[in-house]
Every structure is written in structure tokens, then in C-alpha cells.
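Fold and geometry: a report
Residues per chain, in single letters:
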Amino acid sequence: MNIFGETVKLRAMGPDDAESLWRWNHDPEVMRWMDDGYAQPLERVRTWLTERPRNGYGDVLFGIETLAEQRLIGLVRLRDAEPETGCAELDIYVGEKDCWGKGFGTDAVRTVCRYGFDKMRLHKVSLTVVAGNVGGLRAYTKAGFVEEGRLRSVFRRDGGWHDKIAMGLLEGELRQRGKLVR
Ligand SMILES: CC(C)(COP(=O)(O)OP(=O)(O)OC[C@H]1O[C@@H](n2cnc3c(N)ncnc32)[C@H](O)[C@@H]1OP(=O)(O)O)[C@@H](O)C(=O)NCCC(=O)NCCS
């Protein structure tokens, strides 16, 4: 099932998306503020996409496609959801850099959170973002996330240590153009 935002469509990912995912994961600009782990060859990325368990409550992964061009530009994931707590963690990145700053990231965040609240009956979506990631902070804040705390000096990049900001969004707090969605 596809999920539609204003400018993006969220859809399931499969082995055919491996090349894009591999390319994004090897782009230092895209990965600047994200945990980059250990480099993996394209074949391993393809295997991961082929063999990962199907989307389910505890881990739901979507490719982000532009509605206008139907072009895959990134991914968004709700993970570690638990029915007992109603909480999940959000990860997102837009890997196609020419698509940054055009509103796609914010729309994807809103769309997946709406899905989490409406379909998965979540109570809260949480995330952490490196304090220097201005675009990420701005996109999350526009969607309604609020800062809940600061993890000091937990992310190492470019020879220095950076803080991470913990952010959260409760059901009923989702925002569209500055207004609560409902
Ligand atoms: C962070 C990210 C998801 C934001 O998506 P996006 O599509 O670029 O963001 P949007 O276009 O929706 O922009 C949201 C706001 O942030 C601003 N913004 C985006 N990138 C910015 C940057 N690098 N510096 C300053 N502002 C920025 C936009 O101008 C917009 O603000 P406005 O509406 O007031 O003009 C995307 O840039 C990305 O994936 N970056 C690399 C990976 C990453 O950092 N992921 C998040 C890890 S927590």
C-alpha cells in the first residue's frame, strides 16, 4: 500500500532500490550527520533489501518518491514500535541532494507520522538529530517535533564530538503549515 503526502509518495522498498541506497550510503555529504557504520558492497545492500523481514509493526521502511516525477529520492523508517508503549523511532534521509530544501523531507516526516498515529495507533514518535544538522532540525520542528533533551558529545565527526538533540512528537501535535493537522 502506498501512502500519499502533498508532494511525496511513500512506498515499500525492494532489491531494485539497492543501487540508490548504496550510492546514498557512500556519499559523505548525505551521511554527514548520520551514523554511517561500515561500508558495504552493493551486493550486500541488495541482499539486505531482499531478505529483510517484510514491513511490520516493529519496523516499517518506506522509499520516498516524488509525486511529480515518481523518482526515488530517499527513505523513511519507523522502527522499534511497541504496542505496549505506543512509541516508535523515526529515521529519514533524502539521498538525492538536488532534492534538498524543496519540502520533500518535511512532507515525508509528516506523512509517515500521520501513518504512525492513524494506522499504527502510536502515541508518540521520537528521534535524535545531531545539533549541527540545521536542515533536519528545521524539518522536524516544522512537522511539530519539540526538543526534549540534549545528549552531550555522543556523535563524532570531522575530528570533533557533537551533541544530539532528542525530539518527540505526540499524537495530536502534527503540524502542517504551522497549524495542527487535526
Ligand atoms: C534533513 C533532511 C531530511 C531534510 O529534508 P529536506 O527535504 O532537505 O528538508 P525540507 O526541504 O523539508 O526543509 C525543511 C526546512 O529546513 C530548511 N533546510 C533544509 N536544509 C537546510 C540546510 N542544510 N541548512 C539550513 N536550512 C535547511 C529548509 O529551507 C526548510 O525551511 P523553510 O521551510 O523555513 O524554508 C534532508 O536534508 C537530508 O536527508 N539530509 C541528509 C541526511 C540527514 O541529515 N538526515 C537526517 C538525520 S537525523
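My aim in this report is to walk through the structure given alongside it, one point at a time.

About the criteria used
Note on numbering: residues in each chain are counted from 1, in written sequence order. In view of the model being predicted, local features appear only for residues whose pLDDT reaches at least 70, and side-chain atom pairs are presented and counted only at 80 or more, with totals across whole chains, interfaces and linings using the full set of residues. Only heavy atoms go into the side-chain values, all of them from the structure, while hydrogens and water stay out. Strands here mean DSSP runs of E at least two residues long; helices mean DSSP runs of H or I at least four residues long; both are numbered from the N terminus. Both definitions apply: the radius of gyration is a C-alpha atom measure, and the globule rule equals 2.2 Å times residues to the power 0.38. Buried, partly exposed and exposed residues are distinguished by accessible area as a fraction of the type maximum, computed with a 1.4 Å probe on protein chains only: under 20%, between the cut-offs, and over 50%, respectively. Should any heavy atoms of two residues lie within 4.5 Å, those residues are considered in contact. Here the accessible surface of atoms and residues is derived via Shrake-Rupley with a 1.4 Å probe, and residues count as covered only by protein chains that are part of the display. Note on aromatic pairs: the rings of Phe, Tyr and Trp (six-membered ring only in Trp) are paired at centre separations within 6.5 Å, and the planes decide the class, stacked below 30 degrees, edge-to-face beyond 60, tilted for the rest. Note on pairing: two strands pair once DSSP finds at least 2 bridges between them. Lines fitted to the C-alpha atoms define the axes, with helices restricted to the stretch that makes contact. Angles between their N-to-C directions range from 0 to 180 degrees. Working definition: residue near molecule or strand if any one of its non-hydrogen atoms lies within 4 Å of it. Here a polar contact means two N or O atoms within 3.5 Å. Within protein one must be a hydrogen donor candidate and the other an acceptor candidate, and residues neighboring in sequence count only if both atoms are side-chain atoms.

Helix and strand content of the protein chain: four helices and ten strands. Listing every helix and strand of the protein chain by position from the N terminus yields β-β-α-α-β-β-β-α-β-α-β-β-β-β. For 182 residues, the compact-globule formula gives about 16 Å, and the C-alpha radius of gyration of the protein chain, at 16 Å, lands near that figure. The proportion of buried residues among the 182 residues of the protein chain is 45%. For the protein chain, the share of sequence-separated contacts (at least 6 apart) that also reach a separation of at least 24 residues comes to 62%. On the protein chain, roughly 10,300 Å² of surface is accessible, and the fraction owed to carbon and sulfur atoms is 49%.

What follows covers the packing of aromatic side chains. Using the criterion set out here, one finds three aromatic pairs in the structure. Their ring planes at 85 degrees and their centres at 6.0 Å tell us that W24 and Y93 sit as a pair that is edge-to-face. Of the two residues, W24 is situated in helix α1 (residues 18-25) and Y93 in strand β5 (residues 87-94); the sequence distance between them amounts to 69 residues. Like Y93, W24 is buried.

What follows deals with the sheet that holds strand β8 (residues 160-170). Within a sheet, adjacent strands bond to each other through the backbone by hydrogen bonds, running parallel or antiparallel. If you walk across this open sheet you meet the eight strands as β1-β2-β3-β4-β5-β6-β8-β7, and the pairing is mixed. Strands at the two margins of the open sheet, each flanked by one partner only, are β1 (3-4) and β7 (146-157). By the bridge criterion, seven bridges tie strand β3 (residues 59-66) to strand β4 (residues 72-82) in an arrangement that is antiparallel. For I64, the partnering residue across the bridge sits in β4 and is G74. Across the sheet, helix α3 (residues 104-118) touches β1, β2 (8-11), β3, β4, β5, β6 (124-130) and β8, and the angle it forms with β2 is around 50 degrees.

Inspection of the region around the ligand gives 22 residues, with V94, G103, G105, T106 and K142 positioned closest. Contact distances for the ligand include 2.6 Å between an oxygen atom and a backbone N or O atom of G103. In the environment of the ligand, an oxygen atom lies 2.8 Å from a nitrogen or oxygen atom belonging to the side chain of R138. Summarising the interface, the protein chains cover 73% of the accessible area of the ligand, which totals 920 Å² for the free molecule. Counting residues per element, the ones that place at least two in the shell around the ligand are β5, α3, β6 and α4 (134-143).

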